[in-house]
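Spelled out from the first residue to the last, the chains are:
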Amino acid sequence: MDIDKIIDENKGLKIPLIPVLLKIQEIEGFLSESTIRHVSRRLSIPLSQVFGVATFYSAFNLKPSGVNKICLCEGTACHVKGSTRIREKLERILGVKPGETTKDGIFTFTTINCMGACAMGPIMKIGTEYFGKMTPGKVDSIIKEYISP
Amino acid sequence: MVKIKSPEDLASLTAKLQKEKNTEEICITVCMGPGCLTCGSQKVLESLKEEIKKRDLQEKVQIKETGCHGFCQKGPILLIKPAGIFYQQVIKRDIPEIITETIINNRIVERLLYVDPILNSKIIKEKDVPFYKSQYRLVFGDNSLIDPHKIDDYISLGGYSALAKALFEMTPVQVMEEIKNSGLRGRGGGGFHTGRKWESCRNAPSPDGVRYVICNADEGDPGAFMDRGLLEGNPHRVIEGMIIGAYAISSNEGYAYVRNEYPLAVANLNIALELAREYGLLGKDIMGSGFDFDILVVQGGGAFVCGESTALMASIEGKRGEPRPKHIHTSERGLWNKPTALNNVETWANVPIIIKKGAEWFSQIGTERSKGTKIFSLVGKINNTGLVEVPMGISLRDIVYKIGGGIPDGKKFKAIQTGGPSGGCLPEELLDLPVDFDELTKVGSMMGSGGMIVMDENTCMVDIAKYFLKFLRDESCGKCVPCREGLKRMVQIIEDITEGKGEPGHLELLEELTQTVKEASLCGLGKTAPNPVLSTIRYFRDEYEAHIMDKKCPALVCKNLIEYSIDELLCTGCGSCKRACPVMAISGEKLYPHTLDMEKCIKCGICLEKCPFDAIKIS
């Protein structure tokens with residue numbers, strides 16, 4: 001689909017590469033090798049540059065992600081209030097490290113440098129839902145709801 | 001929408017909007033800022049809309065969705081006008097009662113009022129809350145009056161009149177001089193004089209006359225969200241500032257580079273830009289002045305280094321966000337090698353105020369070399385977290401105690417971190433320091449973009465230094481060796497220290513490395529990366545020594561250096577900890593004191609959180 005449509009819509013921009021990659025990822029969830037090759041050909045930008053950009057910015061995933069994206073904030077305020085222990089707890093119960101997806105494909109666990117809601121830290125986000133003032137003890141029940149809604 | 005074709009058009013629109021504003025009408029303002037959103041203001045808003053509809057009050061009661069008010073700790077926040085009633089920590093269930101009691105029966109819902117923690121008295125009005133009382137909300141104050149999706153809200157408060165003044169009553173050079181005379185310095189961290197930057201950009205040769213204006217909204221400092229608060233809450237003020245700046249340096253094209261993590265800011269800014277275009281305040285022939293200027297929003301890709309000006313410009317150009325040496329300033333050769341004026345969100349937001357009220361008025365606020373106000377994100381171990389705006393020169397103590405309300409749970413203050421990963425940690429002895437660009441730099445920290453993270457006795461300063469080093473190691477773009485390799489080695493040393501493998505001489509080694517990284521790195525990221533380490537060694541050397549010599553973490557944070565145990569006298573044998581322990585390290589019979597097997601314990605701290613009797617001890 002629609003990769004070509006996105007490319008066509010943005011082709012006229014002075015700076016199409018990053019917006020195009022962001023939009024493709026929004027639809028496909030990640031950037032596959034073939035997508036990157038395709039974008040490079042269609043925009044006439046060297047593959048090395050497209051790949052360089054896709055690997056440089058943390059917003060781009062080169063691997064498919066799980067159904068639910070768990071994102072833990074590791075900003076300074078969240079860190080001071082104990083986000084490390086929440087990360088360890090998530091790693092333990094999900095069995096994955098940040099950046100990885102669980103074997104059943106239900107969760108992808110990522111961390112972020114700052115979500116910009118520092119006053120309510122530590123903050124965790126699943127999909128579009130925020131959980132403020134988190135503690136390791138609250139993790140289990142929140143995760144359970146996503147496994148069997 | 002009718003186009004505004006002259007300053008008179010704008011003046012009459014402003015007058016009309018002000019006249020239409022019914023000051024008697026009840027208006028319920030709901031804060032939809034980042035803090036309130038995380039604790040459910042969306043649900044509060046929906047339920048409010050439903051309830052108003054159900055009771056057929058649409059004619060009588062207006063609902064306004066605004067950006068961040070600042071007092072995030074007490075969110076979701078509701079403000080009821082014209083009375084100015086301030087309700088805090090409102091949940092969905094409270095809405096019917098608020099409507100019945102306050103809106104219909106004119107009574108206060110006591111339990112939703114803010115309680116002054118010192119006087120223990122309830123406060124009804126927002127303006128009487130100590131958190132707001134000690135602030136000077138010059139730039140941020142209008143947030144609670146404006147629906148960011150409605151340009152008329154901004155115009156009715158006199159918005160875009162500074163632009164009219166600049167375009168029709170001043171020459172570009174006069175605008176530039178005004179900013180120069182105001183003493184405004186960059187709010188993004190560096191503190192460079194804005195007017196001087198504009199001047200060198202204006203005077204830089206550009207054969208085809210192309211110059212660019214950029215708004216740096218890549219707010220990457222962890223623990224800071226002022227720019228998000230401004231962009232989401234009052235985008236027009238930033239846009240107005242950018243247009244005025246563009247006029248001063250004669251640029252027709254502007255970019256706003258917004259962090260990838262702030263999708264709402266991107267959305268609000270795009271809506272605001274569209275509305276400004278419809279009114280003729282942006283685009284071709286602005287307000288009939290003949291001046292053309294437009295702004296494009298660029299979403300970042302999530303890289304901290306892109307807050308650095310040359311890296312940001314590379315990113316706009318669609319490349320990897322790697323910085324370049326700055327022998328030639330970006331104001332002379334920036335985006336696509338053209339003269340470029342790049343300023344931070346808050347700097348741009350100050351511009352319309354200066355033009356409207358004059359440089360002389362503005363320069364009376366603040367200290368001799370730092371003028372105006374500064375917005376800080378006051379977070380961490382402090383009672384009142386949120387966004388605060390204070391005049392330059394206020395003491396750190398006033399911010400922490402008068403506005404912030406001190407440290408929670410009666411804990412002792414240990415340090416305040418300013419300036420993000422490029423800044424430093426300041427101890428209690430420096431609390432009376434006036435907050436301004438030069439004073440903070442003198443003591444080894446910096447103003448930075450405005451993150452202020454408060455730490456108490458339970459925060460380990462070595463762990464904080466490790467945190468920042470790891471952050472910077474991950475965010476280093478890898479282009480220059482001192483930063484890429486130096487930071488890696490520094491992390492290794494500091495990890496050894498926190499794991500109890502520290503050796504005498506490690507501190508000196510760290511200090512030596514910091515010098516190399518500082519002197520030899522290419523951009524600001526590397527040049528300032530040692531600051532968190534240097535400032536913590538300078539002010540908290542005893543903590544480092546305790547880790548290295550005694551293998552102890554005085555704040556009881558570093559896992560390898562602490563042990564958990566159960567106090568037999570306090571333990572009631574309720575079993576909460578035993579059930580919660582993920583590795584079954586706790587055993588014991590019900591109603592008898594439990595014991596903890598140190599061999600199995602992974603020091604996750606869950607028992608500590610679950611124990612209702614404070615029987616879990618760390619030593």
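Residues numbered from 1 in each chain as written. Chains lettered and ligands numbered in written order. Predicted model: local features only at pLDDT ≥ 70, side-chain atom pairs only at ≥ 80, totals over all residues.

## Focus: the overall build of chain B
Part 1 of the reasoning: Looking only at helices and strands, chain B features 25 helices and 19 strands.
Part 2 of the reasoning: For chain B, the C-alpha radius of gyration of 27 Å lies close to 25 Å, the compact-globule estimate for 619 residues.
Part 3 of the reasoning: Dimensions of chain B, computed from C-alpha atoms along their principal axes, come out at roughly 80 × 70 × 40 Å.
Part 4 of the reasoning: Going through the 619 residues of chain B one by one, you find that 53% of them count as buried. (Helix = DSSP H or I, 4+ residues; strand = E, 2+ residues; numbered from the N terminus. Rg over C-alpha atoms; globule rule 2.2 N^0.38 Å. Buried ≥ 20, exposed ≤ 12 C-beta atoms within 10 Å, placed from the backbone.)

## Side note on helix α4 (residues 95-104) of chain B
Residue and element names in this part refer to chain B.
Part 1 of the reasoning: Restricting attention to buried positions, one finds in α4 the residues Ile95, Ile98, Ile99 and Thr102. Seen end-on, α4 carries its buried residues on one side only, within an arc spanning 110°.
Part 2 of the reasoning: The inward-facing, buried residues of α4 abut α3 (41-54), β3 (78-81) and β4 (85-87).
Part 3 of the reasoning: Residue Asn106 follows α4 closely and has a positive phi angle near 60°. (Arc of directions from axis to C-beta. Contact = placed C-beta atoms within 7 Å.)

## Side note on the sheet that holds strand β5 (residues 129-131) of chain A
All names here are of chain A.
Part 1 of the reasoning: Spatially, β2-β3-β1-β4-β5 is the arrangement adopted by the five strands of the open sheet, whose pairing is mixed. This sheet does not close on itself; its edge strands, each paired only once, are β2 (100-101) and β5.
Part 2 of the reasoning: The pairing of strand β1 (residues 68-73) with strand β3 (residues 107-112) spans six bridges and is parallel. Counted as the bridge partner of Ile70 is Phe109 from β3.
Part 3 of the reasoning: The strands touched by helix α6 (residues 83-94) within the sheet are β1, β3 and β4 (124-126), with β1 carrying the most contacts at an inclination of about 155°. (Pairing = 2+ DSSP bridges. Axes fitted to C-alpha atoms, helices over the stretch in contact; angles between N-to-C directions.)

## Regarding the domain arrangement of chain B
Residue and element names in this part refer to chain B.
Part 1 of the reasoning: Taken domain by domain, chain B comprises domain 1 (24-128), domain 2 (151-363), domain 3 (373-456), domain 4 (461-548) and domain 5 (563-618).
Part 2 of the reasoning: The distance between the C-alpha centroids of domain 2 and domain 4 comes to 35 Å.
Part 3 of the reasoning: With eight residues of domain 2 in contact, the opposing surface of domain 4 contributes eight residues.
Part 4 of the reasoning: Taken together, the residues that form the side of domain 2 that touches domain 4 break down as five nonpolar, one polar and two charged. (Domains from an automatic or database assignment. Nonpolar A, V, L, I, M, F, W, Y, C, P; charged D, E, K, R; others polar.)

## Examining the environment of Lys402 of chain B
Residue and element names in this part refer to chain B.
Part 1 of the reasoning: Within the secondary structure layout, Lys402 lies in helix α16 (residues 396-403).
Part 2 of the reasoning: Its 18 C-beta neighbours within 10 Å are what place Lys402 among the partly exposed residues.
Part 3 of the reasoning: Sequence separation between Lys402 and Phe131 is 271 residues, and the spatial gap between their C-alpha atoms is 7.3 Å.
Part 4 of the reasoning: Among all residues touching Lys402, those that are not within four sequence positions of it are Pro130 and Ser134.

## Describing the pairing of strand β12 (residues 386-391) of chain B
Residue and element names in this part refer to chain B.
Part 1 of the reasoning: Most of β12 sits inside the fold, with five of its six residues counted as buried.
Part 2 of the reasoning: The sheet contact formed by strand β11 (residues 373-380) and β12 spans six bridges and is antiparallel. Looking at the pairing, Ser377 lines up with Leu387 of β12.
Part 3 of the reasoning: Hairpin connection between β11 and β12: a loop of five residues separates the two successive antiparallel strands.

## Notes on the sheet that holds strand β10 (residues 340-344) of chain B
Strands belonging to one sheet form pairs held by backbone hydrogen bonds; the direction of such a pair is parallel or antiparallel.
Residue and element names in this part refer to chain B.
Part 1 of the reasoning: Strand order in the open sheet formed by four strands is β9-β8-β7-β10, with parallel pairing between adjacent strands. Both edges of this open sheet fall to β9 (294-299) and β10, since each of them pairs with a single strand only. Within this sheet the neighbouring strands show an average axis-to-axis angle of 20°, counted without direction.
Part 2 of the reasoning: Examined bridge by bridge, strand β7 (residues 212-217) and strand β8 (residues 253-258) share six bridges and lie parallel to one another. Note on β8: the bridge partner recorded for Tyr212 is Glu253.
Part 3 of the reasoning: Set on the sheet, helix α11 (residues 235-249) makes contact with β7, β8, β9 and β10; between it and β7 the angle comes to about 150°.

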